[in-house]
Amino acid sequence: MTEITELSDGIRGLLHAVERVDEMEDSIKLEIKNLTKMFNDHEGVHDINLTVHNGELLTLLGPSGCGKTTILRAIGGFNKIQSGEIILDGKDITALPPEKRPTGMVFQSYNLWPHMTIYENMEFGLKLRKTGKAERRSMIESMLKLVRMDGSEKKYPGQLSGGQQQRVAIARALVLKPSLLLLDEPFSALDAKIRAAMRDELKRIQQEAGLTIVFVTHDQEEAMALSDRIAVMSRGIIQQIDTPTELYDHPQKEFVARFIGDMNELEGGTGEKAILVRPEDITLRPDEEKAPGALTYQGRIIDIMMLGHYLKVIISTGKDKEISAFVKREEVGDWTPGETIAYSWRKRVTTIEG
Amino acid sequence: MKRLYYLLGKNKFWEYILFAVFILVFYGPLVNMLTLSFAGKYNYPDVVPKTYGLKWWQFILSNKNLVSSITQSLILAIVVTALSLLICLPAAYAIARFQFKGRTLVRLSFLLTNAFPKMGIYTAMAVVFYKIHLMGTFTGVVLVHIVNTMMFMVWIPSGSFANVHIQQEESARDVGAGPIRTFFHITMPLAWPGIIVASLYTFLGSMEEAQGSLLIGLPNVHTMPSELYGIIMSYADTAGSVFAVILLIPALILLIVFRKYLSGEAMSKGFRM
Ligand SMILES: Nc1ncnc2c1ncn2[C@@H]1O[C@H](COP(=O)(O)OP(=O)(O)O)[C@@H](O)[C@H]1O
Ligand SMILES: [Mg+2]
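These lines cover the structure that appears in this document, whether it is placed above or below.

**Focus on the overall build of chain A**
Part 1 of the reasoning: In terms of helices and strands, chain A carries nine helices and 17 strands.
Part 2 of the reasoning: Here chain A holds 354 residues, and 48% of them are scored as buried.
Part 3 of the reasoning: Restricting the contact set of chain A to residue pairs at least 6 apart, pairs at least 24 apart contribute 62%.
Part 4 of the reasoning: Accessible surface for chain A amounts to roughly 18400 Å². Of this, 50% is attributable to carbon and sulfur atoms.

Given below as structure tokens:
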């Protein structure tokens, strides 16, 4: 009998331990409460609330000028905020200057100091922390290896490509073991191909080093590919914070619905708002057959693009209005641009408010 | 000549001719001065001396007043440059970085120091200096020289500071450097070309400044250029040449040491505001 209670106690203890680990992983890294930073009456960010968990990559996404950088700079200590609190690892860092904050920041460009070699760039912060010479060397070498830039120690920033410079900038921030990494459109100055490669690279580095990252971008594809969660912003406020899938499937606001992924706008019934439909939820039928569904519409095919598995069909639905539909190849007849076609929707996106 | 013309091609040919003229106009007098300074016997209208020797060098270097004026000028130039850096660099940085009311006014006020006729400014300064007992003092001359080159000392470094990207400074703050360390480790080194050009300009300007030094400095402060007036008037141009060559030496040394910073690019960046 006692043996059994002992055993069950043991199991209970074990379960407790497991729960604690769960809690640890889910614990809060950064908390922003009611942050307001207005540059003037209408520019800035207003009443921002945001929580970032340990090991998470959270993206601030929104059109240019919506206030992403303002928030990121406030976290890094580069913006004096008017009100609100920033709590990192349970400590209030709101009043600290950048040099006292355990954050690491990488800007869009001009991160590196051109008068120092890559090694000296990396060493600068370590020296300030009084790290020993031998330790500095090994830390710098392993960090450059992590970003695949080993061997560039003696080069000057001017001798590296844009992508390489950004890798070094990330390495320079990481070598100081920041509690939180802040990236402000770090890849947007690079060309499309390198940008995609850098994305994968960042994801790998984040997982290898177990980093918590706040990432800023205006590119929704980049955000969808990288993020654990995305905070979609517009005009100085956060519209919705969710996982990429949730944002795509259940956008709460029309702005989010339109900003994330491709979106078509179909005419609603009389007195009704526009109907938002994803391209993959459009059904096409030859004109004579009429497409099944709640409402059927007519349009003229403008273009048919081959995207591998799918075809993207662009349809003109009136003057200056277009929709696009993703259709499986076997569903497409011998349609040609110029032809009239019937379409309807299978599934619409409904938002809570406009 | 024709052969040369076709050998070099049309453009190159004229380039060379222009270069030759340039050399003659700019370096001709210098070479002439150098030869004259090593003259032994020399009569005025001749181009080259009849005999050579170190006679005039001995004459200058054995003259106590002249030698002390050389030291005086060197010390003066060093003090002026150092003080000018101390005063003007912060102003230059502020103009480059901070958006404040009256920024344009501040910038233009530095221009004004060079827009008025020099003699007018010196006279005005002299009036004030009389009252506060700075006439005939080293401090007085230092002040005159600083006013003289202030505009360049603010404008050129300011242009260089403006060319340092804010992200480069902010990155330094981010990795743990305070504002002062950031300025000396990141901003200053990146703005070196402008700072050095401006310092050279100030140093050499102070070395050769005569009007203000004469007006404010005499009778107690004797600088090289003010002594040079006396020499040219009372001795043959040979002694003057020696003195002029001596005046040139610091300029040459500085230009050689800092030549890599003296690109046209660095200069033009300084004036782009
Ligand atoms: N230093 C500043 N002074 C005045 N207005 C600013 C300043 N920085 C940003 N703004 C304004 O605040 C808004 C948000 O800017 P920002 O955060 O940089 O946007 P984003 O990074 O999303 O493109 C913009 O309208 C911008 O013009
Ligand atoms: Mg931005």
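**Notes on the pattern of salt bridges**
All names here are of chain A.
Part 1 of the reasoning: For the structure on display, the rule yields 17 salt bridges over all chains.
Part 2 of the reasoning: Two residues, R258 and E254, come together in a salt bridge whose shortest N-O distance is 2.5 Å. In this pair, R258 and E254 both sit in helix α9 (residues 254-259), four residues apart, roughly one turn of the helix.
Part 3 of the reasoning: Here the salt bridges share partners, and the residues they tie into one network are R148, R167, E201, R204 and E208.

**Considering the packing of aromatic side chains**
Two numbers describe a pair of aromatic rings. These are the distance of the centres and the angle of the planes.
Part 1 of the reasoning: What the rule picks out here adds up to 12 aromatic pairs over all chains.
Part 2 of the reasoning: A centroid spacing of 5.5 Å and a plane angle of 25° characterise the contact between B:F38 and B:W57, whose relative ring orientation is stacked. In this pair, B:F38 is assigned in the loop between α2 (10-37) and α3 (55-61) and B:W57 in helix α3, connecting sequence segments 19 residues apart.
Part 3 of the reasoning: Exposure remark for B:F38: the relative accessible area of 33% places this residue in the partly exposed category.
Part 4 of the reasoning: Between B:F152 and B:Y201, the aromatic rings sit 4.2 Å apart at their centres with planes inclined by 40°, giving tilted as the arrangement. Of the two residues, B:F152 is situated in helix α7 (residues 138-162) and B:Y201 in helix α9 (residues 179-208); the sequence distance between them amounts to 49 residues.
Part 5 of the reasoning: Pairwise contacts between aromatic rings join B:Y93, B:F98, B:F161, B:F183 and B:F184 into one cluster.
Part 6 of the reasoning: Residue placement shows A:R278 over the ring face of A:Y248; its charged tip is 3.8 Å from the ring centre.

**Things to note about the nonpolar core**
All names here are of chain A.
Part 1 of the reasoning: Formed by 41 residues in total, the largest nonpolar core has its most connected members in M122 and L202.
Part 2 of the reasoning: Those elements that place two or more of their residues in this core are α3 (118-128), α4 (133-146), α5 (162-174), β7 (180-184), α6 (192-209) and β8 (213-217).
Part 3 of the reasoning: Setting aside chain neighbours within four positions, we find L202 in contact with L57, I170, L183, F187, I213, F215 and L226.

**Considering the site of ligand 1**
All names here are of chain A.
Part 1 of the reasoning: Around ligand 1 lies a shell formed by F39, E43, G44, S64, G65, C66, G67, K68, T69 and T70.
Part 2 of the reasoning: The contact in question runs from an oxygen atom of ligand 1 to an N or O atom on the side chain of E43, over 3.0 Å.
Part 3 of the reasoning: A distance of 2.9 Å is found between an oxygen atom of ligand 1 and a backbone nitrogen or oxygen belonging to K68.
Part 4 of the reasoning: For ligand 1, whose accessible area on its own is 560 Å², the fraction buried by protein is 61%.
Part 5 of the reasoning: Considering each element in turn, the shell around ligand 1 owes the most residues, three residues, to helix α2 (residues 68-76).
Part 6 of the reasoning: Residues belonging to the shell around ligand 1 are distributed by class as follows: two nonpolar, six polar and two charged.

**A closer look at the sheet that holds strand β4 (residues 83-88) of chain A**
Residues and elements named next belong to chain A.
Part 1 of the reasoning: If you walk across this open sheet you meet the four strands as β2-β1-β4-β5, and the pairing is antiparallel. Since the sheet does not close on itself, it has two edges, and those belong to β2 (44-53) and β5 (91-92), each with one partner.
Part 2 of the reasoning: Two strands pair when backbone bridges link them, and β4 and β5 are joined in this way by two bridges, in the antiparallel orientation. Among the inter-strand pairings, L88 is bridged to a residue of β5, identified as K91.

**Concerning the pairing of strand β14 (residues 297-307) of chain A**
Residue and element names in this part refer to chain A.
Part 1 of the reasoning: Bridge analysis of β14 against strand β17 (residues 340-345) gives four bridges, and the strand direction is antiparallel. From the neighbouring strand, G299 faces β17, where its bridge partner is I341.
Part 2 of the reasoning: Alignment of β14 against strand β15 (residues 310-318), held across seven bridges, turns out to be antiparallel. Across the sheet, residue M305 finds its bridge partner in β15, namely K312.
Part 3 of the reasoning: Here β14 hands over to β15 after two residues, with G308 in that stretch at a positive phi of 85°.

Reading the values: the criteria
Residues numbered from 1 in each chain as written. Chains lettered and ligands numbered in written order. Predicted model: local features only at pLDDT ≥ 70, side-chain atom pairs only at ≥ 80, totals over all residues. Heavy atoms only, no water. Helix = DSSP H or I, 4+ residues; strand = E, 2+ residues; numbered from the N terminus. Buried < 20%, exposed > 50% of the residue type's maximum accessible area, 1.4 Å probe, protein only. Contact = heavy atoms within 4.5 Å. Areas by Shrake-Rupley, 256 points an atom, 1.4 Å probe, with all protein chains shown as cover. Salt bridge = Lys/Arg side-chain N within 4 Å of Asp/Glu carboxyl O. Phe/Tyr/Trp six-rings, centres within 6.5 Å; stacked < 30°, edge-to-face > 60°. Lys NZ or Arg CZ within 6 Å of the ring centre and 35° of its normal. Core = buried A, V, L, I, M, F, W, Y, C linked by side-chain atoms within 4.5 Å. Near = heavy atom within 4 Å. Polar contact = N/O pair within 3.5 Å; in protein donor to acceptor, adjacent residues only side chain to side chain. Nonpolar A, V, L, I, M, F, W, Y, C, P; charged D, E, K, R; others polar. Pairing = 2+ DSSP bridges.

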